[in-house]
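Here are the chains, one letter per residue:
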Amino acid sequence: MTMFCGWTLPTCIMNASGARCTSWEELKTIEESESSVIVSKSCTLLPREGNKGKRYWDNDIMSINSTGLANNGYSYYNLFNFNKPYIISVAGLTLEDNLTILGAMENRVVELNLSCPNIAGKGQVCYDMQMMDEYLRQIYERFDIQMGVKMSPYFDNFQFENAAEILNKYPLKFVTCINSLGNGYMIDNNQKAIEANDGFGGVGGRCILPFALSNVYKMRKLLSSGIDIVGCGGITTGEDVYKHLISGATVVQVGTQFVKEGPAVFSRLNQELSIFLG
Ligand code: RRO
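In this report, the structure presented in the accompanying data block is examined.

Conventions we followed
- Residues numbered from 1 in each chain as written.
- Predicted model: local features only at pLDDT ≥ 70, side-chain atom pairs only at ≥ 80, totals over all residues.
- Heavy atoms only, no water.
- Helix = DSSP H or I, 4+ residues; strand = E, 2+ residues; numbered from the N terminus.
- Expected span 1.5 Å × (residues − 1).
- Buried < 20%, exposed > 50% of the residue type's maximum accessible area, 1.4 Å probe, protein only.
- Arc of directions from axis to C-beta.
- Near = heavy atom within 4 Å.
- Areas by Shrake-Rupley, 256 points an atom, 1.4 Å probe, with all protein chains shown as cover.
- Nonpolar A, V, L, I, M, F, W, Y, C, P; charged D, E, K, R; others polar.
- Contact = heavy atoms within 4.5 Å.

For the rest of this paragraph, the subject is helix α6 (residues 209–222). When the terminal C-alpha atoms of α6 are compared, their 20 Å separation across 14 residues agrees well with the 20 Å that a helix rising 1.5 Å per residue should span. Burial in α6 covers these residues: Leu 209, Ala 212, Leu 213, Asn 215, Val 216 and Met 219. Around the axis of α6, the buried residues are gathered within 165 degrees of arc, so they sit on the same side. In α6, the exposed residues that point more than 90 degrees away from the buried face are Pro 210 and Lys 221.

This is the structure in structure tokens:
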């Protein structure tokens, strides 16, 4: 049993936003799986087709994606109720868009994505501390909302400290560490591994585990005890889940491995984790 966001969950493992969670059919598949929560694809004010060309590629150690926020628009994700907890990931393209979307999310639990790396012309909010503060200030000024934030990976102590100081000012329910490592570039068969966004994309999969764990551990140390850490990144086995938990995560999310393995990944990881939990 895991307590998270006021829910009592049978397991600490759920899907990560972005992985097989864009359509109603995909969300239903997650509902029928052993994922303890359903997390939606990040949504915008209006539906988006996303970036053009091949936009996902993986191998044994990594994935790279440049989906470009392809989604059905927030009203679509706001239609659904499921037989298990549901988190709507929100990624408005501007603060104004986020305020409009969150205004319609009464009684929902939201993961505000401040870390999408794949929108041409838009930086990651998490790398602009002033902007991150302003987003959260204006949101909490207007809404009494059950919300967490999905963070970009940080690589420097000053980034962790500056970000945590801002996050600690707000009544966040959780902080998800981490989104993909932005702007990776991979070659496969002498060609760009993905075509979208000139080959640049967010890197996920097994190779990002050390960065996910460092961000979980640092944020657990720096954030108020009332804010849960959601560990995301690099999970392929139950042992990886356990590593996230002992680094400070309350629950974990699985992205690339869910894309590769399908919904059976959740039962496998739950079974493997149970050996470590004893
Ligand atoms: O849609 C994407 O390209 C995307 C998003 Br919004 C995100 O937050 N992280 C990612 O790796 N891809």
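A few words on the site of the ligand. Residues in contact with the ligand, as listed here, are Lys 41, Asn 65, Thr 67, Gly 68, Leu 69, Asn 113, Cys 116, Pro 117, Asn 118, Asn 179 and Ser 180. Expressed as a share of its isolated accessible area of 310 Å², the protein-covered part of the ligand is 93%. Partitioning the shell around the ligand into residue classes produces three nonpolar, seven polar and one charged.

This part covers helix α4 (residues 129–142). Given a rise of 1.5 Å per residue, 14 residues ought to cover 20 Å, and the 20 Å separating the end C-alpha atoms of α4 matches this to within 8%. Buried within α4 are the following residues: Met 129, Met 132, Asp 133, Tyr 135, Leu 136, Gln 138, Ile 139 and Tyr 140. Residues of α4 that are buried make contact with α3 (95–103), β8 (109–113), β9 (146–151) and α5 (157–167).

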